[in-house]
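# A structural walkthrough
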Amino acid sequence: MTPQRMRLLAFDFQGPAHLSAGLWRHTDDQSSGYKRLSYWTEYAKMLEEARFDGIFFADNVGYHDIYQGNADAALADAAQVPANDPFMVISAMAAVTENLGFGITSSTSYEHPYALARKFATLDHLTGGRVGWNVVTSYSDSAARNLGTGQQVPHDERYDMAAEFIDVCLKLWEGSWQDDAVVRDVERCMYADPTRVHNIEHRGKYFTVPGFALCEPSPQRTPVLFLASGSSKGLKLAAATAEAVFVNAVSIPALKKQVDALRSLTVEAGRDPDSIKVLQMLNVVVAPTDEAAHEKYESYRKLVNYAGAMARYSGWTGLDMAQFDPDVPLKHVKTNAGQTMVDLFSKMDPDKVWTPRDIAEFVGIGGTGPTIVGSPSTVADELTRWMNETGIAGYNLAHAVKYRDIADFIELVVPELQRRGLMWSEYEGSSLREKLYGPGVVRVREDHPGRRFAAQAPVAV
């Protein structure tokens, strides 16, 4: 039986540190380069040479100021701050590559759909169809305060807003300009035929967008739509609209349960359950031998910073972990900000009662996803097992030591995966959507809701 090809994205952040706490101090860490364009262009070339499907940029328009009631611990450990804008670097990375895809996180809470649709259409043009949008609703009160909206919108309402936001974008991308709208007729001095460009006439609860899209149709029209949510409301939105879903289950049984639940919701939404590709977030610590890999992992553990880990976890959950003794078991609590993160540890192991220190040690390396430690063969075996037993399509690969861990994975693991037929040696199709579905699938599939907007006949301009 031919093995399923593993989709593989590098998970990164436009700052010196992302998920791991204190690891920016490692002698091999190259986080100081994040401000240089050359750092990202060299990184892009390395990923493309290894035949990664793409790079996925997380983002947060707020900062972690829940722990101890301020942002001091986050600033001290570079806990997702400072944070540059991921949009700005994509064109440069695309200019030095031909096939690498780019997933970009952007929030429906603090953007406007008309402006965001233009940004993604522009990047899709400039990259030749290689961009995707990671739809997030944002969880940070600091973002709400600094972006002028005051208090954070309640969790479920954020997803209602996101659903309408996505609809507006789909109308602009799929239903505004006909495929043959651009005629470039020199004789008639007509670049675009006005009868083939349509107002979307959207008037909803959260947004009013009556006009037509500013950009002509890009190669993919709609960027690949990613969502990453473990809440029931978020999963329903993902089932209805996503093409790829990121999860961060900590065990195979937990991941299988999430995948099965998502597939069921996808069928309820009237879509093919195989149309959504599930990508698990994880971290890999690899060395030539298992023994060397475990030694490397232990050296990482010694650098984990408790306050930095708690700053992240407090920000993700909206729960100030400073109020708890590090070694006293943490009881289950409810939070408006990040209930998924609280539930992750309270449910992952029924026989274990987690303390804040346990959580810090876990999230300190690679965040809330699992960490695979071992030789290239061991890592390849584990990656294969997780795929085979859960039905996921691949991985969003995080890191502990910036640049170095991904470089080690490329040097040691990628050849083993290619030898096993799990990673391709040559790309097939250049667009990001083709990376998910195969050559020729450049635009949203027939069962995607974007198609219903393309089929409409809006009022002509």
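Residues numbered from 1 in each chain as written. Predicted model: local features only at pLDDT ≥ 70, side-chain atom pairs only at ≥ 80, totals over all residues. Heavy atoms only, no water.

The description of an aromatic ring pair uses the distance of the two centres, along with the angle that the planes make with each other. Enumeration according to the criterion identifies 17 aromatic pairs in this entry. The interplanar angle of 35° and the centroid separation of 5.8 Å between the aromatic rings of phenylalanine 120 and tryptophan 133 together place this pair among those described as tilted. Of this pair, phenylalanine 120 sits in helix α4 (residues 113-127) while tryptophan 133 sits in strand β4 (residues 131-136), placing them 13 residues apart in sequence. Per residue, the accessibility class of phenylalanine 120 equals that of tryptophan 133, and both read buried. An aromatic cluster is defined as three or more aromatic residues linked by ring pairs; in this entry it consists of Phe87, Phe120, Trp133, Phe165, Trp173 and Phe207. Note that lysine 119 overlies the ring of phenylalanine 87, its terminal NZ or CZ placed 5.4 Å from the centroid. (Phe/Tyr/Trp six-rings, centres within 6.5 Å; stacked < 30°, edge-to-face > 60°. Helix = DSSP H or I, 4+ residues; strand = E, 2+ residues; numbered from the N terminus. Buried < 20%, exposed > 50% of the residue type's maximum accessible area, 1.4 Å probe, protein only. Lys NZ or Arg CZ within 6 Å of the ring centre and 35° of its normal.)

It is worth spelling out the pairing of strand β13 (residues 394-398) at this point. Counting buried residues along β13, five of its five residues qualify, which places the element largely inside the surrounding structure. With four bridges joining them, strand β1 (residues 7-13) and β13 adopt parallel strand pairing. By the bridge assignment for β13, leucine 9 is matched with asparagine 396. Pairing between strand β11 (residues 277-286) and β13: five bridges, direction parallel. Within the sheet, the bridge partner assigned to glutamine 280 lies in β13 and is tyrosine 395. (Pairing = 2+ DSSP bridges.)

Moving on to the domain arrangement of the protein. Segmenting the protein into domains produces domain 1 (7-294 + 369-453) and domain 2 (305-364). Between domain 1 and domain 2, the C-alpha centre-to-centre distance is 26 Å. Here domain 1 packs against domain 2, burying approximately 2000 Å² in sum over the two surfaces, 59% of which is carbon and sulfur. Broken down residue by residue, the surface that domain 1 buries against domain 2 is led by Ile66, Tyr67 and Val250, which jointly contribute 32%. Seen at the junction of domain 1 and domain 2, the total is one salt bridge. Between aspartate 77 and arginine 312 there is a salt bridge, with its nearest N and O atoms 2.9 Å apart. (Domains from an automatic or database assignment. Buried area = accessible area lost by both parts, 1.4 Å probe. Salt bridge = Lys/Arg side-chain N within 4 Å of Asp/Glu carboxyl O.)

As a further point, take the UniProt feature "binding site: FMN" (unreviewed entry) in the protein. As annotated by UniProt and renumbered to match this structure, "binding site: FMN" (unreviewed entry) occupies Asp59, Thr105, His155, Tyr159 and Ser231. On the basis of relative accessible area, histidine 155 is assigned to the buried category, the value being 18%. In this structure, tyrosine 159 sits in helix α6 (residues 155-175). Judged by its relative accessible area of 11%, tyrosine 159 is buried. (UniProt positions renumbered as here; feature names shortened; annotations may be inferred.)

All chains considered together, the criterion is met by 30 salt bridges. Where lysine 296 meets aspartate 408, a salt bridge forms, and the shortest distance between an N and an O atom there is 2.7 Å. Placement of the pair is lysine 296 in helix α9 (residues 290-301) and aspartate 408 in helix α14 (residues 404-419), with a sequence separation of 112 residues. The same class applies to lysine 296 and to aspartate 408, which are both buried. What emerges from the salt-bridge pattern is a single network uniting Asp381, Glu416, Arg419 and Arg420.

So, on to the confidence of the model for the protein. In this model, the protein carries an average pLDDT of 91, and 93% of its residues clear a pLDDT of 70 or more. In the model, residues 457-461 has pLDDT below 50 throughout and makes 12 contacts with residues more than four positions away in sequence or in other chains. (pLDDT = per-residue confidence, 0-100. Contact = heavy atoms within 4.5 Å.)

Moving residue by residue along a regular strand, the side chains alternate between the two faces of the sheet. Of the two faces of strand β10 (residues 244-247), the one holding Ala244 and Phe246 and the one holding Val245 and Val247 are both buried throughout. Here strand β9 (residues 224-227) pairs with β10 via two bridges, running parallel. Each bridged residue has a counterpart across the sheet, and for phenylalanine 226 the counterpart in β10 is alanine 244. The pairing of β10 with β11 spans four bridges and is classified as parallel. When the bridges of β11 are listed, valine 247 appears paired with glutamine 280. At this point the chain moves from β10, through helix α8 (residues 252-268), to the parallel β11, and the crossover so formed is right-handed. (Right-handed = clockwise from strand over helix to strand, strands pointing away.)

Attention now goes to helix α10 (residues 306-317). For α10, with 12 residues, the first-to-last C-alpha span of 16 Å sits near the 16 Å given by 1.5 Å per residue. Of all 12 residues in α10, 10 are buried; the element is thus mostly enclosed. Among all positions in α10, only Gly308, Ala309, Met310, Ala311, Arg312, Tyr313, Ser314, Gly315, Trp316 and Thr317 are buried. Between the side-chain oxygen of the N-cap and the backbone nitrogen of alanine 307 there are 3.3 Å, and the N-cap of α10 in question is asparagine 305. Residue glycine 318 follows α10 closely and has a positive phi angle near 75°. (Expected span 1.5 Å × (residues − 1). Polar contact = N/O pair within 3.5 Å; in protein donor to acceptor, adjacent residues only side chain to side chain.)

Before going further, it helps to examine the environment of aspartate 408. Judged by its relative accessible area of 12%, aspartate 408 falls in the buried class. It is 13 Å that separates the C-alpha atoms of aspartate 408 and tyrosine 297, two residues lying 111 residues apart in sequence. The contact partners of aspartate 408, leaving out residues within four places of it in the chain, are Val286, Lys296 and Val413. At 2.7 Å, the side chain of aspartate 408 forms a polar contact with the side chain of lysine 296.

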